[in-house]
Amino acid sequence: MKPAPFEYVKPSSVDDALTVLTEGADDTQPIAGGQSLTATLNMRLSAPVRLVDLNGLEELRGITDAGGVVRIGALTRYRDLEQSDLVADHLPLIKKTLPLIAHPAIRNRGTLGGSIAFADPAAEMPACVTALNGAIEITGLNGVRKVAAGDFFKGLYETDLQSGELITAIELPKAAPGSRFAIQEFARRHGDYAMAGLVAAAQVDGATVSDIALVFFAMGGTPVAASSAAAKIAGKAIDADAIASAQAALDDDLDPFDDTQCSAAMKKHLARVLTDRVLTELAGG
Amino acid sequence: MSDQVSDQGGLTIHDRPNSYIGRGVPRPNARRLIHGRGTFTDDIKLPRMVHVAYVRSPFAHADILSIDTSAAEAAPGVVAVVTGAEFAKRITPWEGVLTHLQGMRSPPQYPLAVDRARWQGEPVVAVVAETRAQAEDAIELVQIDWKELPAATDMMRAMDADAPVIHPEYGNNLCWERNVDVGDVDAAYASAAAVVEDSFVFSRHTGVTLEPRVIVADYNAGEEKLTVYHATQGPHMIHAILSKHLDLPEHCVRIVCKDVGGAFGIKVHTYGDEIGAAVLSVMLKRPVKFAADRLESFTSDIHARDHRIEGKMAVDKDGRITALEIDDITGIGPYSMYPRSSGIELNQVLNLAGGSYDIGSYRARGRVVFQNKPLMCQYRAVGHPIATMLTEALVEKAAQASGIDVLEFRQRNLMADDDYPRNTVSGVPLEKLSHHAALAKLTGMIDYDGLRKDQAASREKGVYRGIGFASMIEVTSPSPAFYGVGGAPISAQDGTTVRLDAKGNVIVSSSVTEQGQGAESMLAQIAATAVGVDMANVRIITGDTEMTPYGGGTWASRGTGIAGEATVRAGRALREQVLEVAGIMLQSDAGSLDIRAGKIVDADTGNERMDLAEVGRVVYYRGDTLPKDYQAELVATRHYVPKAYPFAFTNGIHCCHLEVDTDTGIVKILGYWVVEDCGTVINPLLVDDQVRGGVVQGIGGALYEECIYSPEGQLLNGNLADYLVPMAFEMPDIEVGHVSTPTADSELGAKGAGEAGTAGAPAAITNAINDALMPLNARLTINPMTPERILNAIGKV
Ligand SMILES: Cc1cc2nc3c(=O)[nH]c(=O)nc-3n(C[C@H](O)[C@H](O)[C@H](O)COP(=O)(O)OP(=O)(O)OC[C@H]3O[C@@H](n4cnc5c(N)ncnc54)[C@H](O)[C@@H]3O)c2cc1C
């Protein structure tokens, strides 16, 4: 279990990194925390000619207050997010979610940018960023573009990221007054990728819900926004009837496939359970 | 001096002053490991050492039409590329049959596939290079022209008329069949008040040692000697095998086994990739290292379990079990593993089923079949979890059918504590067990009534909690009846040499090995006690066939019962030698002296007479001061092999309390208790942790671990993200209690404790889940009980 030979470069600026990436085209791959990539290299599931180590890029680090949004550099570790006051104050969903991701040793190294770029369909962060309507900042030699999370995840391990580009930051809107968030997942063991998971974000005014997003993970090739189910809740109070109608609408939203831990039928069942539990959590504040 | 003669005043090891027996002292070798100064086989780096990696079959069953190694040979760093056919010229094949498992068959096997591969992962071509990475790079350049064949992967269909026959010369895929018929089962059914039945599925899983299999073979052409550093449980076994099949005289082979990072039965077999490294070392005349990586571990380590069993139990109107019947089929891969054979697990199932109970009649059929999957063999608690689960699941079902509480039902049916010696219904002799005392001890540890009340109250709220039990017996300290009689070069004895150094310290060398379980602690405690010194003055040497006496090693929970007893005897012999010299030096009767805390003392008063170091000084440097006709000896070797019983059986009982989320199928263990009777406990910390570790592996089997195969025989989850083992979060607190029934077969009285946890846990957990789900009319008899299987049973998915 040794990786195929590769060249290694560690640039000290984003520009240098982009130049190497552009020259190398598809044979060159960035490495951030290495928590997903190293395994694929060691199992020879991928064999890039050249690795571009992003860990020297100070420009990609840091969590900053940018007005209505919190800007998180792509190289920010989960551990930094866990310790950040800005995250605690303005991104309660992210704060809640971090302990569900793997184990501390992996969170010490794994980066938010890596998780978004890798786009594992069972990963928590892509679903959170989607539910929060975040934006992915992508930089190439031709400049910077921002892509809404909902447009970024295209298919199984497939994103809008083009060869020669890097994710440089993720921007997440600050939680507005009256917003509520919930996340639950069912994993075989603590810290495992989930068999099924659901993130919810909504505005709650009195008992009435608006602006609700329900985003499933481990339920298809990408984070899956359950818009039909969400529509059943919007404008209503969360009660047993509303939950039942949202559950009934899930068939329109979800088309999961089997994985080694869980069949598609099981995932659909768990989606109904998640809908009940997450909406109940949301209603409880 | 005879071992049978006890020393001063007829005292035994149990009467020694300053005894370490029964004390939870910390392990002396823990410090070394915590300092990072352990030497695992992977740490060994020899001059001119090269690395071998193997091209492995991508198919479960395929013919090798041609192999082109030229590109690989030209790759950077490559030293040699060797095919299975070339290996076959340099080594004699082995056959994994034991003659006492009558009728068993398995064809000759070579280290690598020769012209046909029979499981996905079978080694086919060896690539030797300066580094492992270079060897792996070159592997990709080996061109093999394969012709894929239909594979027999499903053991239930392996005996079908249209199943592909793996060894055409046999005509079908049967490896071995055993039948047992005791008493009149049919009469028992006819007069039964109730007959209960279940179909059990025990999925294939594996041992997952933290340290994978590693070997460094170093053939020294100058000495014509092969030295092998090996992570193994049985140095003398592998010694005999390498000597035989490489045709090297036994005294020209040395096995060195340093630290081992867990073994669990995985590291006591003949693996082609390991033997291949030894062959290559002889061929290349330089050290060759093979270390299995995690992917290779999953497809080439032995797998275990994989049994399907139909079980049936009859009870009479008084709630007494009158009959047990089982039909067991197990798939073992394409060969029976050498030299232990792959028939033992099934044999154990047939021997142990119903083994805790007073049952009059028993009928069993067991079939071992070949299939195109990795070889199966002995993994921790061989056969026990299967026999225990099928028995205990039927016991609880029969109790319910009889309208009797599950504990009371056990009290009615467990063998009486005063009814020994006797046999199990399958005919295995038992010296003395304590099922009722263990059950009584357990009920004192759990609040059974409280748990039942909580269960009833929780159900009202839609919360499903269950309580499950498992009474069990465990095979420990086997005599030669286990393997030796079947012709295997596996010793049932162990030996210990104890020597006094010049400063009064005690050097102990033993044929058992340390796998992380604490064998060296146990040896040090016994040696210190038997001689009469502090443990700090004891040094233990294990794992070297040139430095230790001959013996079996570490498996079948045998180290303490067998090597421990050899150490009692060797330690006492050394003490007697020392006291003889001391008596001469002090002009006292040796019988009036003793050694305590490293001093020669008057046995009666405890008054100090002389330091042990003084004995060392005089014997080693001033022998001239001792009588002319007297030669002192300060080294003694003793061996021990159990003879009175084929096995030193232990017993125990488990209880599991858990909660099932009936919407998700996720199980949370709320409490776990074990009462264990392993006779004399040397170190309660070690015994309790053996039990706990065993329970955790049992939790793995019950809830998580499964090698998932496609119908074509491809492993689908050969990595630790997809093959799930329980981790710290999944481990409950496990409370361990003891009852002690020492074996009278040895002075020490210790039996083994290494497998009891694994033996009982799947049964207790399965019973607890079924107890929890009873109101939903759901029942599971498949392991592992995954969330999806639980929801299937409930009918939600
Ligand atoms: C045992 C284990 C359990 C895990 N459990 C979970 C879990 O429960 N939930 C979960 O979400 N994750 C889990 N992970 C994955 C973990 O979260 C990864 O760290 C994360 O998915 C990738 O982040 P990374 O920085 O390590 O990326 P890397 O492994 O370095 O890279 C991953 C991919 O992203 C690309 N990449 C990285 N950074 C950038 C960038 N800035 N721009 C463009 N491309 C980039 C790389 O080229 C590569 O293709 C687990 C990992 C392990 C080892």
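Each chain has its residues counted from 1, running along the sequence as written. Whichever chain is written first becomes A and whichever ligand is written first becomes 1, with later ones labelled in order. Given that this is a predicted model, residues contribute local features only at a pLDDT of at least 70 and side-chain atom pairs are listed and counted only at 80 or more, while totals for whole chains, interfaces and linings are drawn from all residues. The side-chain quantities take in all heavy atoms of the structure and omit both hydrogens and water.

1. Things to note about the overall build of chain A
Along the backbone of chain A there are 12 helices and 14 strands. Relative to the 2.2 N^0.38 estimate, which gives 19 Å for 285 residues, the radius of gyration of chain A is 19 Å and therefore close to what a compact globule would have. Reported as C-alpha extents along the three principal axes, the dimensions of chain A are approximately 60 × 45 × 35 Å. In what follows, a contact means two residues having at least one pair of non-hydrogen atoms within 4.5 Å. Sequence-distant contacts in chain A: of pairs separated by 6 or more residues, those separated by 24 or more amount to 62%. A run of H or I in DSSP counts as a helix once it spans at least four residues, and a run of E counts as a strand once it spans at least two, with each numbered from the N terminus. C-alpha atoms define the radius of gyration, and 2.2 Å times the number of residues to the power 0.38 defines the globule rule.

2. Looking at the overall build of chain B
Looking only at helices and strands, one finds 19 helices and 29 strands in chain B. The C-alpha radius of gyration computed for chain B amounts to 28 Å, which stays within 12% of the reference 28 Å derived for 797 residues, consistent with globular compactness. In terms of overall dimensions, chain B has a C-alpha envelope of 85 × 75 × 45 Å along the principal axes. Looking at chain B residue by residue over its 797 residues, the buried ones come to 64%. The buried label applies to any residue whose accessible area, calculated with a 1.4 Å probe on protein chains only, is under 20% of its type's maximum; exposed applies above 50%, and partly exposed to all values in between.

3. Digging into the site of the ligand
Residue and element names in this part refer to chain A. Residues are labelled near a given molecule or strand when at least one of their non-hydrogen atoms is within 4 Å of it. Around the ligand lies a shell of 30 residues, among which P30, G34, L37, T111 and E124 are the nearest. Here a polar contact is recorded for every N or O atom pair within 3.5 Å, except that within protein the pair must consist of a potential hydrogen donor and a potential acceptor, and residues adjacent in sequence are included only if both atoms are side-chain atoms. Q35 has a polar backbone atom sitting 2.7 Å from an oxygen atom of the ligand. In this structure, Y193 approaches the ligand through a side-chain N or O atom, which is 3.2 Å from a nitrogen atom. Residue burial considers only the protein chains on display, and all accessible areas are found by Shrake-Rupley using a 1.4 Å probe. Its free accessible area being 950 Å², the ligand has 88% of it covered by the protein chains. At the level of secondary structure, the elements contributing two or more residues to the shell around the ligand comprise β2 (28–31), α7 (112–118) and β10 (166–173). It is α7 that provides the largest number of residues to the shell around the ligand, a total of 4 residues. A per-class count over the shell around the ligand returns 18 nonpolar, 10 polar and 2 charged. By the convention adopted, Pro, Cys, Tyr, Trp, Phe, Met, Ile, Leu, Val and Ala count as nonpolar, Lys, Arg, Asp and Glu as charged, and the other residues, Gly among them, as polar.

4. Points about the sheet that holds strand β24 (residues 608–611) of chain B
Residue and element names in this part refer to chain B. For two strands to be treated as a pair, DSSP must find no fewer than two bridges joining them. With respect to topology, 3 strands assemble into an open sheet ordered β22-β23-β24, the strand pairing being antiparallel. The open sheet is flanked by β22 (593–596) and β24, the only strands paired with a single partner. Here the strands of the sheet are splayed against their neighbours by 30° on average, with no regard to which way each runs. Note: β22 against strand β23 (residues 599–602), 4 bridges, orientation antiparallel. The angle between two axes is taken between their N-to-C directions and runs from 0 to 180 degrees, where each axis is a line fitted to C-alpha atoms and a helix contributes only its stretch in contact.

5. Side note on the sheet that holds strand β7 (residues 143–148) of chain A
Residues and elements named next belong to chain A. Pairing in this open sheet of 5 strands is antiparallel, and the strands run β4-β5-β10-β6-β7 from one edge to the other. Each edge of the open sheet carries a strand with a single partner, namely β4 (63–66) and β7. Strand after strand, the sheet turns through a mean of 25° between neighbouring axes, direction not considered. Bridging between strand β6 (residues 135–140) and β7 involves 6 bridges; their strand directions are antiparallel.

6. Topic: the packing of aromatic side chains
Ring geometry is summarised as follows: Phe, Tyr and Trp rings, the Trp one being its six-membered ring, pair when their centres sit within 6.5 Å, and such pairs are stacked at plane angles under 30 degrees, edge-to-face over 60 and tilted between the two. Across all of its chains, the model carries 13 aromatic pairs over all chains by this definition. Each ring, one from A:F118 and one from A:Y157, has its centre 5.4 Å from the other, and the planes form 55°; the classification is tilted. With A:F118 in helix α7 and A:Y157 in the loop between β8 (153–155) and β9 (158–159), this residue pair connects regions lying 39 residues apart in the sequence. With relative accessibility at 29%, the residue A:F118 sits in the partly exposed group. Between B:Y448 and B:F469, the ring centres sit 5.5 Å apart and the planes meet at 75°, which makes this aromatic pair edge-to-face. One end of the pair, B:Y448, is in helix α13 (residues 448–460); the other, B:F469, is in strand β18 (residues 464–474), with 21 residues separating them in the sequence. Note on B:Y448: relative accessible area 12%, which makes it buried.

7. What about the confidence of the model for chain B?
All names here are of chain B. A residue's pLDDT is simply how confident the predictor is in it, with values from 0 to 100. In this model, chain B carries a mean pLDDT of 96, and residues with pLDDT of at least 70 account for 99%. Predicted confidence for residues 1–9 stays below pLDDT 50, and this span has 17 contacts to residues more than four positions away or in other chains. Complex prediction metrics read pTM 0.97 and ipTM 0.97.

8. Focus: the nonpolar core
Definition used in this section: a nonpolar core is a set of buried Ala, Val, Leu, Ile, Met, Phe, Trp, Tyr and Cys residues joined via side-chain atoms within 4.5 Å. With 177 residues, the main nonpolar core has A:F216, B:I326, B:L658, B:L703, B:I765 and B:I769 as its most contacted residues. Ranked by the residues each element gives to this core, the list is headed by helix α10 (residues 384–402) of chain B, at 9 residues. Domain start and stop points were drawn from an automatic or database domain assignment. Viewed by domain, this core spans two of them, domain 2 (46–149 + 210–263 + 267–300) and domain 3 (303–480 + 644–793) of chain B, each represented by three or more residues. Every residue in contact with A:F216, bar those within four places of it in the chain, is listed here: A:A127, A:G197, A:L198, A:T222, A:P223, A:V224, A:A226, A:L250, A:L254, A:A271, A:L274 and A:T275.

9. Some details on the packing of helix α9 (residues 344–352) of chain B against α10(B)
All names here are of chain B. Packing of α9 against α10 leaves a shortest axis separation of 8 Å and a crossing angle of 35°. Where α9 crosses over α10, the handedness of that crossing is right-handed. The residues of α10 that touch α9, namely those facing E345, Q348, V349 and L352, are H384, I386, A387 and L390. Here a crossing is taken to be left-handed if its near helix is turned anticlockwise relative to the far helix by less than a right angle, and right-handed if that turn runs clockwise.

10. Description of the interface of chain B and chain A
Taken together, the contact pairs 31 residues of chain B with 25 residues of chain A. A:R44 serves as the salt-bridge partner of B:D137, at 2.6 Å between the closest nitrogen and oxygen. For the side of chain B that touches chain A, the secondary structure elements donating two or more residues are α4 (132–139), α8 (294–300), α17 (684–704) and α19 (787–794) of chain B. Counting residues per element, the side of chain B that touches chain A draws most heavily on α4(B), which supplies 4 residues. The residue makeup of the side of chain B that touches chain A, split by class, is 16 nonpolar, 3 polar and 12 charged. By definition here, a salt bridge exists when the distance from a side-chain nitrogen of Lys or Arg to a carboxyl oxygen of Asp or Glu is within 4 Å.

11. So, helix α6 (residues 235–245) of chain B
Residues and elements named next belong to chain B. With 10 of 11 residues buried, α6 lies mostly within the body of the structure. Within α6, the full set of buried residues consists of P235, H236, M237, I238, H239, A240, I241, L242, S243 and H245. Considering only its buried residues, α6 is in contact with β10 (225–230), β11 (253–256) and α7 (272–284).

12. Some remarks on α7(B)
Residues and elements named next belong to chain B. A helix is expected to span 1.5 Å for every residue after the first. The end-to-end C-alpha distance of α7 is 18 Å, a good match for the 18 Å that 13 residues give at a rise of 1.5 Å each. The buried fraction of α7 is high, at 10 of 13 residues. The set of residues buried in α7 consists of G272, D273, E274, I275, G276, A277, A278, V279, L280 and S281. At the exit of α7 stands K285, carrying a positive phi of roughly 55°.

13. With respect to the environment of B:N651
Residue and element names in this part refer to chain B. Mapped onto the secondary structure, N651 falls in strand β26 (residues 650–660). A relative accessible area of 0% places N651 in the buried class. Separated by 44 residues in sequence, N651 and V695 have C-alpha atoms that sit 15 Å apart. Leave out the neighbours within four places in its chain, and N651 touches L433, S434, H435, A438, M472, I473, V675, E676 and D677. Here S434 takes part through its backbone nitrogen, which lies 3.0 Å from a polar atom of the side chain of N651.

14. Quick word on the side chain of B:T545
Residues and elements named next belong to chain B. Within the secondary structure layout, T545 lies in the loop between β21 (538–542) and α15 (559–586). Since its relative accessible area comes to 11%, T545 is described here as buried. Reaching out from T545, the side chain makes a polar contact with the side chain of H239 at a distance of 3.3 Å. Polar contacts involving the side chain of T545 include one to the main-chain amide nitrogen of I255, which spans 2.9 Å. Beyond its immediate chain neighbours, meaning those up to four positions away, T545 contacts P235, H236, H239, V253, R254 and I255.

15. Focus on the domain arrangement of chain B
Where interface size is given, it is often the accessible area lost as the parts come together that is meant. Residues and elements named next belong to chain B. Considered domain by domain, chain B is made up of domain 1 (16–38 + 493–640), domain 2 (46–149 + 210–263 + 267–300) and domain 3 (303–480 + 644–793). By buried area we mean how much accessible surface two parts lose on assembly, using a 1.4 Å probe and totalling the loss over both. Both faces combined, the contact of domain 1 with domain 3 buries some 1,800 Å², and carbon together with sulfur accounts for 56% of it. Applying the counting rule to domain 1 against domain 3 returns 1 salt bridge. Here E747 ties to R572 by a salt bridge, and the two come within 2.7 Å at their closest N and O atoms. Here domain 1 is connected to domain 3 by 15 residue pairs in polar contact (both at pLDDT 80 or more). Of all the elements in the fold, those that place two or more residues in the side of domain 1 that touches domain 3 are α14 (519–531) and α15. Among the elements that make up the side of domain 1 that touches domain 3, the one with the highest residue count is α15 (7 residues). For the side of domain 1 that touches domain 3, a count of residues per class yields 10 nonpolar, 10 polar and 5 charged.

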